[in-house]
Amino acid sequence: MNRRETDSIRVLIVGDSPVLAQTLATAESGSLRFEVHTVPSIPEAEALLELLPPELVLVDWRLSGLEGFLERIRSQPIGRVITGPLLSATEVVRLVRLGAHDFLLAPHHPDEVLECLGRTVTLVRERRRMAGMAERLQRQLQQLSVLYEVGQTLTASLRLEEILPPIVEAAIYLTRAEEGSVWLLDETSEVLHLRIHRSRDAKTSSAAPIYPTTISVADSLLGRAVRTGRPIRLGPGTHKLDTGILVRSLLYVPLRAHGRILGVLGVLNRLQEMAFSESDVHFLTMLGDYAAVAIEKVRLFEAIQAEKGKLEAILQGIEEPVLVLDFQETLILMNRSARQHLGLPPQVQGQPFRSVVSHPDFLSLIDRKPSIGQTVRQEITLPNRLTFQASLTAVEGVGYVMVMQDITYLKELDRIKSEFVSIVSHDVRTPLTTIRGYVSLLPRVGPLNPRQQEFVEKVERAMQTIVELLNNLLDLSRLESGYALSMETCSLVEILNDAVQIIRPQAEGKQHTMVLEIPTDLPSVQGDPRRLEQVFLNLLSNAVKYTPPGGRITLRAREQEGYIAVQVSDTGVGIPPSDLPHIFSKFYRVRREGETAEGTGLGLAIVKSIVERHGGRVWAESEVGKGSTFTVLLPCRPIHSDIPSMPRVRGDSA
Ligand code: ADP
């Protein structure tokens, strides 16, 4: 059936038609030439059909078995012409229904015969062409649907073991090859490793030679697909590959993703004599493109997984508890240490933080919601008595990251130190009182000369400073050790006025103007009035002390959002920005040239400690040469006075 259209047309005449046979044998009309075979009966015709498949069958309608014969050849691309004497119209219709294409009924003219046969041949050939086209279209459709299905499988999986088999199977199916394989480049791009090899069926697979699993890119045919970036096609014929294997035909296409070659997809035939077509190259290249993108995706995923694994291991290995919340406060990550210290099971990951942690210190830290890049800190004492310095940082695109540093031993050291200071101060104070008593008695037991008088005064002043220092130290250690405050509902208006009364003589002594802006209807606060007075006395006395004569000292109070804000402002020397963050630390004193003001560096530490014990905050703002403002924020509603660690605020200073 593969004869070309210019070849002679093979005609099978069934029945006794010498005239027809004669006409065809001698006919030489145009391109039509005939190779005529004649058989007398239908069984003989059927026997010949396989052997010499004809393009045209001329069959006499009078032969027995005609209907069955027409029926059998109906589906074959054979022109069917009915011969014999004239027929009735009904018979003609019946035979057409049985598949007859045309009729040559005696008597016939040779031209008529040729015209009829020419017509039938054209018809049959046209049909055959259409059938071939339909078959090709059908095949292409199948190939496209295979590609589509493979595409779907590839996008659904992130594992190389899952995506390679469908790639190779599709390659074999699309090209009808015997074998297919995928080779991937190693990191150096010098060697290709066989990642999968498949055979179409058992016959070819049992005959498959043992392939090498590593092939050098530099000097192999397979490597050429990598080096050139183009498909390699061999065949038909017999070819010996550089691996020693004999093939009839092969096709290698490079696997390329984002301009980078990852490996080679190959198909080959070792037994069947079949070359790969242009369409095979086209489809295999398409499949290769899909495959390459999928392989690249898998590799990226694997790399990300590996990185993630490393980070996880680091995070889990960190001794400090680490928690990560998203911006909606969902707990998205926590390490082993965090789980252990907070006593949380792993399954709480993914739940709202507030639904799994109820410790007030955590909640107040979260409530402070730092902005991106900012960190807020808070001391948190857990029920297991460990104290942590927790820092909460807002990280763009992630959420809030909380890292907790165990400061229990520092707290313990601090406690021991306070205890020590307290004991020493106590023990020193008693003999000091004795010395002080005797020094003050000195003038009474006999007249002192002016020099002696001067020395006694110096001793008294020095002793005054030591006593003050000791008192402050004792105060501080009491406050820090959680010594109970006597809390009561107290009026800040009264406390502030009392403090002003005490300070006024000192302020007047330096010709300062005192400005008071204290509304009489300030709400009351829950606090220890003696301690609160100490706070404002310290701040006011600093304002007087660090303001040159003739300055202005303003005491302002107002209520705002559940807090009372009290501000002590002065027009004094100010505090340099580099000192500002430290002024609330114990013993910190600002060093200024020509500074004469005496002090212990403990006043502001005491202020801070008292304010925090009241659930409040204190900070300072200052400009050198212009003055300073200290702000104390105290909550109006009752608070638990003896929570040892209260929220610390923004540097407690600046
Ligand atoms: P001191 O006993 O030295 O006054 P404080 O703890 O009260 O200790 O203050 C710490 C430091 O802060 C002081 O040495 C002082 O330099 C600075 N300071 C405090 N208040 C003021 C103020 N109103 N103006 C300028 N500096 C101040």
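Bear in mind that the values here come from a model prediction, so they are computed numbers and not experimental data.

A. Region of the structure containing the site of the ligand. The environment of the ligand is formed by 20 residues, the closest being Asn 542, Tyr 546, Asp 570, Arg 589 and Leu 604. Within the side chain of Tyr 546, a nitrogen or oxygen atom sits 2.8 Å from an oxygen atom of the ligand. Between Arg 589 and the ligand, the recorded distance is 2.5 Å, taken from a side-chain N or O atom to an oxygen atom. Protein coverage of the free-state accessible area of the ligand, which is 520 Å², stands at 98%. When contributions to the shell around the ligand are tallied by element, the ones reaching two or more residues are helix H16 (529–545), helix H17 (603–613) and strand E25 (627–635). Top element by residues in the shell around the ligand is H16. It accounts for three residues.

B. Representation of the packing of H16 against H17. At a closest axis distance of 9 Å, the pairing of H16 and H17 adopts a crossing angle of 145°. In this structure, the crossing between H16 and H17 has a hand that is left-handed. In this structure, H16 uses Arg 531, Gln 534, Val 535, Asn 538, Leu 539 and Asn 542 to contact H17, whose residues at the interface are Gly 603, Leu 604, Ile 606, Val 607, Ile 610 and Val 611. Looking at the contact of H16 with H17 residue by residue, the classes come out as seven nonpolar, four polar and one charged.

C. Molecular detail of the sheet that holds strand E20 (residues 513–517). Reading across the sheet, the five strands line up as E20-E22-E23-E25-E24 and stay open at both edges, with mixed pairing between neighbours. Unpaired on one side and paired on the other, E20 and strand E24 (617–623) mark the two borders of the sheet. With strand direction ignored, the average angle separating the axes of adjacent strands in the sheet is 15°. Two strands pair when backbone bridges link them, and strand E22 (residues 552–560) and strand E23 (residues 563–570) are joined in this way by eight bridges, in the antiparallel orientation. For Gln 560, the partnering residue across the bridge sits in E23 and is Tyr 563.

D. Representation of the sheet that holds strand E15 (residues 331–334) within the structure. Pairing is antiparallel across the open sheet formed by five strands, whose spatial order is E15-E14-E18-E17-E16. Every interior strand has two partners, whereas the edge strands, E15 and strand E16 (375–381), have only one. Sheet twist, expressed as the mean angle between neighbouring strand axes with direction ignored, is 20°. When E16 meets strand E17 (residues 387–395), the two strands line up antiparallel, connected through seven bridges. Directly across from Ile 380, in E17, lies its bridge partner Phe 388. Where helix H12 (residues 360–367) meets the sheet, it contacts strand E14 (322–325), E16, E17 and strand E18 (399–406), and its direction lies at approximately 175° from that of E16.

E. Summary view of the packing of helix H13 (residues 408–441) against helix H14 (residues 450–480). Between H13 and H14, whose axes approach to 9 Å, the crossing angle comes to 150°. Taken together, H13 and H14 sit at an angle that is classed as roughly antiparallel. The handedness of the crossing between H13 and H14 comes out as left-handed. Residues belonging to the contact of H13 with H14 are distributed by class as follows: 13 nonpolar, eight polar and six charged.

Cut-offs used in this document
- Residues numbered from 1 in each chain as written.
- Predicted model: local features only at pLDDT ≥ 70, side-chain atom pairs only at ≥ 80, totals over all residues.
- Heavy atoms only, no water.
- Near = heavy atom within 4 Å.
- Polar contact = N/O pair within 3.5 Å; in protein donor to acceptor, adjacent residues only side chain to side chain.
- Areas by Shrake-Rupley, 256 points an atom, 1.4 Å probe, with all protein chains shown as cover.
- Helix = DSSP H or I, 4+ residues; strand = E, 2+ residues; numbered from the N terminus.
- Axes fitted to C-alpha atoms, helices over the stretch in contact; angles between N-to-C directions.
- Left-handed = near helix turned anticlockwise from the far one by under 90°.
- Contact = heavy atoms within 4.5 Å.
- Nonpolar A, V, L, I, M, F, W, Y, C, P; charged D, E, K, R; others polar.
- Pairing = 2+ DSSP bridges.
- Parallel < 35°, antiparallel > 145°, perpendicular 65-115°, else oblique.

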